[in-house]
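Examination of the molecular architecture
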Amino acid sequence: MLGLLLFGCVHQVSWEEQPVSAYPVTTTTVAIVAMDKDCRPLADALVKALGARPGVDVRPDAEQKIFVAKCDDLVTTTVDVEGNYPGLDYGNSVYFERRRYTLHGWARGEMSVQGPGVEPMRFSSSSERDLRGSWVSGGDLDIPANPELHTRLTADVADGLADKLVPLPETIRRTVYADPEPGTARQLHNDAVAAERAGNLDNAMALAKAAYAADPSPAAMDYLELLEQHAESIGYAFKTK
């Protein structure tokens, strides 16, 4: 009951923010070039990822070019085995064993962006995914080649690269307290979140620090770190005194 009461004292608020681009894109018209055959799948995925971003036009004759290179991926397989071991009673007991596979995939890629009037810049992206099969009792364990895993990994890497140039809006979620006492750490925290949501990040940081001073809890420290991450994401620099 106490846990339910405490849980009822908090709720979440959310809003969207637009992260800053890691590269000063001079135009949203770009050409994408694979530097070798191993990078063609990633280049194709990047064409799709960037082409889905609002306002981006992917054309082979564009002046701003993206060169895709250093593409690599790897899929390894592990097999889990579970069973009972009757030992000396083996002749009078039933032996049971079951197995399942796990495919662990990893992929990475790099892009070099070159545009008129801007210094070339290089970015990389990577992804990891696991695909686990069902438990199988008896018979052979059928481990698929699973090209879908490669496709997902490549798409993940492409999305990571696309975010460097044309990042999608991200949702900011914060916990706030219901009806806190005035002047308490919880009220200061709520005021900090309100300031952050309004875009007053310096005021939000000052209030968050005051909340931490009033109650130096792990949650208060976590919020200070989240504020810094938010500022970094949108390219905001806190004022220093």
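Below, the structure is looked at part by part. Residue indices begin from 1 for each chain and proceed along its sequence in written order. This being a predicted model, a pLDDT of at least 70 is required before a residue's local features are given, and a value of 80 or more before pairs of side-chain atoms are given or counted; all residues contribute to the totals for chains, interfaces and linings. By convention in this description, side-chain values take in all heavy atoms of the structure and omit both hydrogens and water.

Some points on the pairing of strand 4 (residues 64–83)
- Two strands pair if DSSP finds at least two bridges between them. Comment: elements are numbered from the N terminus, with helices defined as DSSP H or I runs of at least four residues and strands as E runs of at least two. With five bridges joining them, strand 2 (residues 29–34) and strand 4 adopt parallel strand pairing. From the neighbouring strand, Val-30 faces strand 4, where its bridge partner is Gln-64.
- Bridge analysis of strand 4 against strand 5 (residues 97–115) gives 17 bridges, and the strand direction is antiparallel. Each residue of the ladder has a partner; that of Val-68, found in strand 5, is Met-111.

Thoughts on empty space enclosed by the protein
- For each structure, a 1 Å grid was placed over the protein atoms alone; sets of points admitting a 1.4 Å probe that cannot get out are labelled cavities, open sets with protein on both sides within 12 Å along at least five of seven lines are labelled pockets, and lining residues have an atom within 4 Å of a point. Grid points are joined across faces, edges and corners, and a volume is the space filled by probe spheres set on the points. Scanning all chains against the criterion turns up one cavity of 30 Å³ or more.
- Looking at the largest cavity, its volume works out to about 50 Å³.
- Taken together, Val-25, Thr-27, Thr-28, Val-30, Leu-50, Val-56, Leu-165 and Val-166 form the lining of the largest cavity.

Overview of the side chain of His-189
- By secondary structure assignment, the location of His-189 is in helix 4 (residues 185–198).
- A 3.5 Å cut-off defines polar contacts: any pair of N or O atoms within that distance qualifies, except that in protein one atom must be a possible hydrogen donor and the other a possible acceptor, and neighbouring residues in sequence count only when both atoms are side-chain atoms. Looking at His-189, its side chain comes within polar contact range of the main-chain oxygen of Thr-175, at 2.6 Å.
- Those residues in contact with His-189 that lie beyond four places of it in its chain are Thr-175, Val-176, Tyr-177, Ala-211 and Tyr-223. The contact criterion used is simple: two residues touch if any of their non-hydrogen atoms lie within 4.5 Å.

A few points about the pairing of strand 6 (residues 118–132)
- Here strand 5 pairs with strand 6 via 13 bridges, running antiparallel. Within strand 6, the position partnered with Ala-107 by the bridge is Ser-127.
- Between the end of strand 5 and the start of strand 6, which pair antiparallel, lie two residues, with Gly-117 showing a positive phi angle near 80°.

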